[in-house]
Amino acid sequence: MSPSVRLQEMIRVIRSARTQGEERGLIQKECAAIRAQFRQSDNGARTHNLAKLLYVHMLGYPAHFGQMECVRLIASPRYSEKRIGYLGAMMLLDEKQDASLLITNSIKNDLSHSSQHVQSLALCTLACMGSAEMCRDLAPEIERLLGASDSYIKKKAILCAVHIVRKIPELGELYTPLACSLLSEKNHGVLHSAVVLITELCERNPDTLRQFRKTVPELVHIMKGLIMSGYSPEHNVAGISDPFLQVRILRLLRILGRCNDAASDAMNDLLAQVATNTDSSKTAGSAVLYETVLTVMDIRSESGLRVLAVNILGRFLLNNDRNIRYISMTSLQKIVQTDHTAVQRHRGTIVDCLKDQDASVKRRALELSLALVSATNIRTMMKELLVFLSTCPPELRAHTASGIFIAAERYAPSQRWHIDTILHVLITAGGDVRDETVPNLIKLITTASELHCYTVLKLYRALITDISQQSLVQVACWCIGEYGDLLLKGECDDIEPMQLTEDDVLDALETVLQSHMSSPASRAFALTATMKLSTRITNNVDRIRSIVSIYGSCIDVELQQRAVEYNALFKKYDHMRAAVLERMPVIDKSSPGDTLGDLTGEVTKDSSLSKPVPGGSTLPLEPASQAFDLLDLLVPSVTVYEKGGVSLKLQCDSQTETAVTLTFTACNSTQNDITKFTLQAAVPKSIQLQMKAPSGSVLPAGGHSAITQTVVLSNPSKTNLKMRVRLSYSNQGMVCQDTVQIDSFPSPAWT
Amino acid sequence: MIKAILIFNNHGKPRLSKFYEHYNEDIEQQIIRETFHLVSKRDENVCNFLEGGLLIGGSDNKLIYRHYATLYFVFCVDSAESELGILDLIQVFVETLDKCFENVCELDLIFHVDKVHHILAEMVMGGMVLETNMNEIITQVDAQVKMERSEAGIAGAPARAVSAVKNMNLPEMPKNINIGDISIKVNLLLQRL
C-alpha cells in the first residue's frame, strides 16, 4: 500500500481482509507507514494520514503515536489540517495526556481567529476534552465570546461555558451576569444553550438559583410564544414548535419552582395550558407533556393541576406505544412517594405490565409494584409477585426476591402467611436469595411456636422433593433437627398428615449429607440436625452414632471438627448431651444484639469443651490480691454481675480505634469454694472476640483471690459494643449458670 | 448529559464511536461490545430504552437506541436528558445524514467517517445538545466543506476529478474508441463538476 493512499482506499483494503488476523496484519503495516510519515516533517498527506489513524483507532487498535501529530496539525494555518487535527485531539487526547496542555495556546489563538469556522472548531474541542487547567486559562476568552454578535459562535461559546462550569464550579460566577441577558435572544439555538447554562448554574449553587428565580416570567413568556405560534417550518417537529427548547425550559422551570410558592404560582397557568393544548399523538408531543407532568409534580402546584398531571400519566400508561408506557412508569416511580394514593389507582395496569414481554417494561413494573405494596393489598400483590418470580428474567430474580422479603416482613397479615411466602420464594428462586435469609427465616420460625408442626412438615415435604436449593435445604435441616419429634408425631391441623418413621427422617438428612449438590454449609447443618435428633428420637440412636463417627474422618475440616466433637459428646460427655442438644430458646427479635444468635446452635467460644482445662490451678494468692486492690483504685472497673456471693467485675485495659482489651475479674465472697468456674461470651457479628485463658477455675472462699480473664475485642466497623456473658460454676456440688448482658463498657485507664 | 454516541451494524462492527467522557481504549472497545450484546438481544417491537450496562456509568445511565436497516444508533445518556427527546434527536441526526449524503446507507458511513463526525459535532457538543434544526446544521456543514475545498485550491482539482470518476457508475466501455484530443475530454469532466 502506497503511504499516501487516501482514507477510502485504505478502508476498502481493510474491508477486503477475510480474517481477523489478516486485518490485523494490514493495519499494522499501515500504522508503520503512517508512523514513518509522521516522522518526516513536511509532506502533503498529513491530513490523510491522521484520518486513517483515527479510523484505525475506532476499530480498536492503538493510536497514541498520533497525539503529537494532532498538536502539529492544530497549529497549522490551513483549515483542513486544523479540522482533522482538532478531531484527532478529541478522540486521542484527554486530560491525562501531557500533549493536551500543548494545544491550549493554539486554542487560545483560534478563539480569536477571523473565521467563525475555526473559532467553532476550537470551542468544540475545548468543550469535549478541556481539562480543568485549560478551562481556567481560557475562561476569560469564553466570556468575551458570550457577547459575540454571531449567534453561531454564541451558542457554542455558551455550551463551552457549561463545560467550564462543570469542571470548575467557582467560575460559574464569571458567567452568571451574562446568562440572564442571553434569554432575550431570538435565535433558538442560542436560547437553548442559554437555558442549559442557567440550569447548570442553578444546580450548582443555591444562591444563583435564587438570583435566577426572577427570570421565571421571561421563561413563561418564551414558552407561551412557542405554544401559541402557528406553524413555523424551521422549528417544527411533528407539529410541535421546537419541542427540544420547550422540554429544556420546562426542566428549568421545575428547578426554579421547587420549594418556592411565588415561582410556582407564576407558572401554574402556563403548565395548565401546555398540559391541555399539546397534541400527544407523536413522540415530540409526548415528550413535552411528560416533562410538564414531572414539573407539575415537583413544584408547589395547585391540587387541580396535580390531578390533571396524574391523569395524563394514567393515559400514558394505557398507551399502545411501549416507549410511552415505559416513560410513564419511570415518572410514576418518581412521584409514588409523595402521591401514593394517586398512583395506587393505576395499580391494576402496572401489575399487568409485569407480564409484558419487554424486559425494560418488566423492570419498571417490578420497581413500581414493590413501591405500591401496602397493608391493604398485600395478599393480592404478593400473589402477582410470586407468579412474576417464577417467570421473570434471571437478572431480575435477586431483586424481586429481596423486594418480596421486605414487603412480607413489613405487611405480613399472619405469621403463617409469612412463612408460606418465604418458603415459596425459596422453592422457586432459592439460589438467588441473600445469605441472611436463612437466619432470618429461622428466627421467624422459632417465634411462631404454634406453627412449628406445620412448618416442619412443609419443610420436610419440600426437602424430599428437591435438595438443590441450598437456602431451603439449610432451613429444612435446621427445623428437622429442632422439631424432629413433632415431625414424627406427624399430625397437624392445617396440613395433611404424614406417617413418618425415624428412618425416613434420617434418610432425608443423610441424602443431604451425601449429595454432591449440597454446599459445605448445608452439610454442616445436616450433621448438626442429625446429632440433635439423637435426643429427640428413641430407636435409631446407633445409626446416628455411626453417621457421626464416619464424618470424623471427612476431608472437609468443618465437618470433621463437628463430627469429632459430637463423637466426644457421645462418649465422654454423654451426661451433658441432653442439656447441650435441648430445644433452642426463642430468639428475641427485638434484642439489640439479635445477631448474637450465633450463641445458639453452634459450639460457643468456650474453653471447656475443646480444650479441657486441668481442674483448678491455684495461683499465689496474696500478691495478686494486693495488686488487684491497688489497681482497683486507679482503674475504673464496673461490677457487671453480683449474685449469690459471686461477683464479676469488668475493666477496660486499653482502647484503640478498632480494638478493646477488657479484663474480667471474678470474686467469691461466700463461705465455700467455688470450682469449675467458666466464662462464655458472645458478641455481635461484626465484632471479633478473642478470649485468653483464664487464670484459673477455682474461686476460693472469702474473696481472697480472684480469677481474671482477658478478652480482646476487635471492632473494625466501629459498631456499638455489646456483650453477653454466661457464667457457670459449681457450688457445693450444684451446677449454677447465669447470663448477663453488658451494654455499657467502662472507659479505659488512660485515653 | 450524553455520555457516548455509538453506531454499529448488525454484527457489532463499530461505524462511529464518540465518547464524551474519557475511558481507556480497551474499556471503550468493551463498552461497544457490551452495548452491542445488550441491544442485539432486543426484539423488534419492544421499547427503545435499555438499562443495565455495567461499564458505562452504572445505575443512572440509560441506553436509548434506534435500529435503522443494518445500523444501530445508540445514545448513552444520564437522567438529565429527556428520553423521548433523545429519541427525536436520533431521528433528526439520521435525517441530517440522509440530506448530506443523499439516501445515506451504511457504506456512506464507512467511507466518510470523518464527515459524519463533523456533522455530529454540529449537533452535540461536549455531551450537550447544540442544535436540532436540520437546515441550520446542513448550512453550517456545507459552509465548512466549501471552506475546505477553497483551501485545497486548484491543486485539489485533479484529485477530486479522479474520485468523482471512480464513484461514477460507468457502464462497460468498449475498448476501441477514437476519442480524438484528450484535453477536450478533461475539460468536459471539470465543467461537469
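Residues numbered from 1 in each chain as written. Chains lettered and ligands numbered in written order. Predicted model: local features only at pLDDT ≥ 70, side-chain atom pairs only at ≥ 80, totals over all residues. Heavy atoms only, no water.

**Section: the overall build of chain B**
Within chain B one finds seven helices and seven strands. Listed by position from the N terminus, the elements making up chain B come as β-β-α-β-β-β-α-α-α-β-β-α-α-α. Counting over 193 residues, chain B shows a buried share of 51%. In chain B, once contacts between residues fewer than 6 apart in sequence are set aside, the share between residues at least 24 apart is 51%. For chain B, the accessible surface area stands at approximately 9700 Å², while carbon and sulfur atoms represent 53% of it. (Helix = DSSP H or I, 4+ residues; strand = E, 2+ residues; numbered from the N terminus. Buried < 20%, exposed > 50% of the residue type's maximum accessible area, 1.4 Å probe, protein only. Contact = heavy atoms within 4.5 Å. Areas by Shrake-Rupley, 256 points an atom, 1.4 Å probe, with all protein chains shown as cover.)

**Description of the interface of chain A and chain B**
On the side of chain B, 61 residues touch chain A, which itself brings 73 residues to the contact. At the boundary of chain A with chain B, total buried surface from both sides reaches about 5800 Å², with 55% on carbon and sulfur atoms. On the chain A side of the contact with chain B, Met-58, Arg-83 and Phe-244 of chain A bury the most area, a combined 13% of that side's loss. The interface formed by chain A and chain B includes seven salt bridges. Here Arg-83 of chain A and Glu-148 of chain B are joined by a salt bridge, their closest N and O atoms 3.1 Å apart. (Buried area = accessible area lost by both parts, 1.4 Å probe. Salt bridge = Lys/Arg side-chain N within 4 Å of Asp/Glu carboxyl O.)

**Structural notes on the packing of helix α3 (residues 46–59) of chain A against helix α1 (residues 25–40) of chain B**
Packing of α3 of chain A against α1 of chain B brings their axes to within 9 Å, and their N-to-C directions diverge by 60°. Comparing their axes, α1 of chain B and α3 of chain A come out oblique. Residues His-57, Met-58 and Leu-59 of chain A of α3 of chain A lie in contact with α1 of chain B, whose contacting residues are Glu-25, Glu-28 and Gln-29 of chain B. Grouping the amino acids of the contact of α3 of chain A with α1 of chain B by side-chain chemistry returns two nonpolar, two polar and two charged. (Axes fitted to C-alpha atoms, helices over the stretch in contact; angles between N-to-C directions. Parallel < 35°, antiparallel > 145°, perpendicular 65-115°, else oblique. Nonpolar A, V, L, I, M, F, W, Y, C, P; charged D, E, K, R; others polar.)

**Observations concerning the pattern of salt bridges**
Inspection of the entire model under this criterion finds 42 salt bridges over all chains. The partner of Glu-23 of chain A in a salt bridge is Lys-13 of chain B, with the nearest N and O atoms 3.6 Å apart. Of the two residues, Glu-23 of chain A sits in helix α2 (residues 20–39) while Lys-13 of chain B sits in the loop between β1 (2–9) and β2 (14–19), which places them in two different chains. Note on Glu-23 of chain A: relative accessible area 10%, which makes it buried. Judged by its relative accessible area of 31%, Lys-13 of chain B falls in the partly exposed class. We note a salt bridge from Lys-3 of chain B to Glu-21 of chain B, for which the minimum N-O separation is 4.0 Å.

**Describing the state of the cysteines**
Residue and element names in this part refer to chain A. Enumeration according to the criterion identifies zero disulfides over all chains in this entry. Not part of a disulfide, Cys-180 finds its nearest cysteine sulfur in Cys-202, a span of 9.0 Å. Between Cys-554, a cysteine without a disulfide, and Cys-477, which holds the nearest cysteine sulfur, the sulfur-to-sulfur distance is 15 Å. Classification of Cys-554 as buried rests on a relative accessible area of 13%. (Disulfide = S-S within 2.5 Å.)

**Digging into the sheet that holds strand β10 (residues 734–742) of chain A**
Residue and element names in this part refer to chain A. Read from one edge of the open sheet, three strands run β6-β9-β10, paired in antiparallel fashion. At either margin of the open sheet sits one strand with a lone partner, and together these are β6 (674–682) and β10. If you compare each strand with its neighbour and ignore which way they point, the axes differ by 15° on average. Pairing geometry for strand β9 (residues 723–731) and β10, over nine bridges, is antiparallel. (Pairing = 2+ DSSP bridges.)

**A look at unusual backbone geometry**
Residue and element names in this part refer to chain B. The phi angle at Ala-69 is positive, at roughly 50°, despite the residue not being glycine. Within the fold, Ala-69 resides in the loop between β4 (62–68) and β5 (71–77). Take Ala-69: its relative accessible area is 69%, and that puts it in the exposed class. Phi is positive for Asn-103, close to 55°, though the residue is something other than glycine. Along the chain, Asn-103 turns up in the loop between α2 (83–101) and α3 (106–111). The exposure class of Asn-103 is exposed, given its relative accessible area of 64%.

**Details of the pairing of strand β3 (residues 637–643) of chain A**
All names here are of chain A. Bridging between β3 and strand β4 (residues 646–655) involves six bridges; their strand directions are antiparallel. What sits directly across from Tyr-641, in β4, is Leu-648. A loop of two residues connects β3 with β4, the two strands running antiparallel in sequence, and Gly-644 in this loop sits at a positive phi of about 55°.

**A word on the sheet that holds strand β5 (residues 659–668) of chain A**
Across a sheet, strands are paired by hydrogen bonds formed along the backbone, either parallel or antiparallel in direction. Residue and element names in this part refer to chain A. Spatially, five strands are ordered β3-β4-β5-β8-β7 in an open sheet, and the strand pairing comes out antiparallel. The open sheet has two free edges, formed respectively by β3 and β7 (688–691), since each of these has just one partner strand. Direction aside, the axes of adjacent strands within the sheet are offset by 25° on average.

**Topic: the packing of aromatic side chains**
As enumerated under the stated definition, the model contains nine aromatic pairs over all chains in all. Ring centres of Phe-19 of chain B and Tyr-23 of chain B lie 5.8 Å apart, and the angle between their planes is 70°; on these two criteria the pair is classed as edge-to-face. Taken together, Phe-8, Phe-36 and Tyr-72 of chain B form an aromatic cluster joined through their ring pairs. A cation over an aromatic ring shows up here: Arg-416 of chain A above the ring of Tyr-454 of chain A, its NZ or CZ 4.4 Å from the ring centre. A cation over a ring is seen here: Lys-115 of chain B above Phe-101 of chain B, with NZ or CZ 5.2 Å from the ring centre. (Phe/Tyr/Trp six-rings, centres within 6.5 Å; stacked < 30°, edge-to-face > 60°. Lys NZ or Arg CZ within 6 Å of the ring centre and 35° of its normal.)

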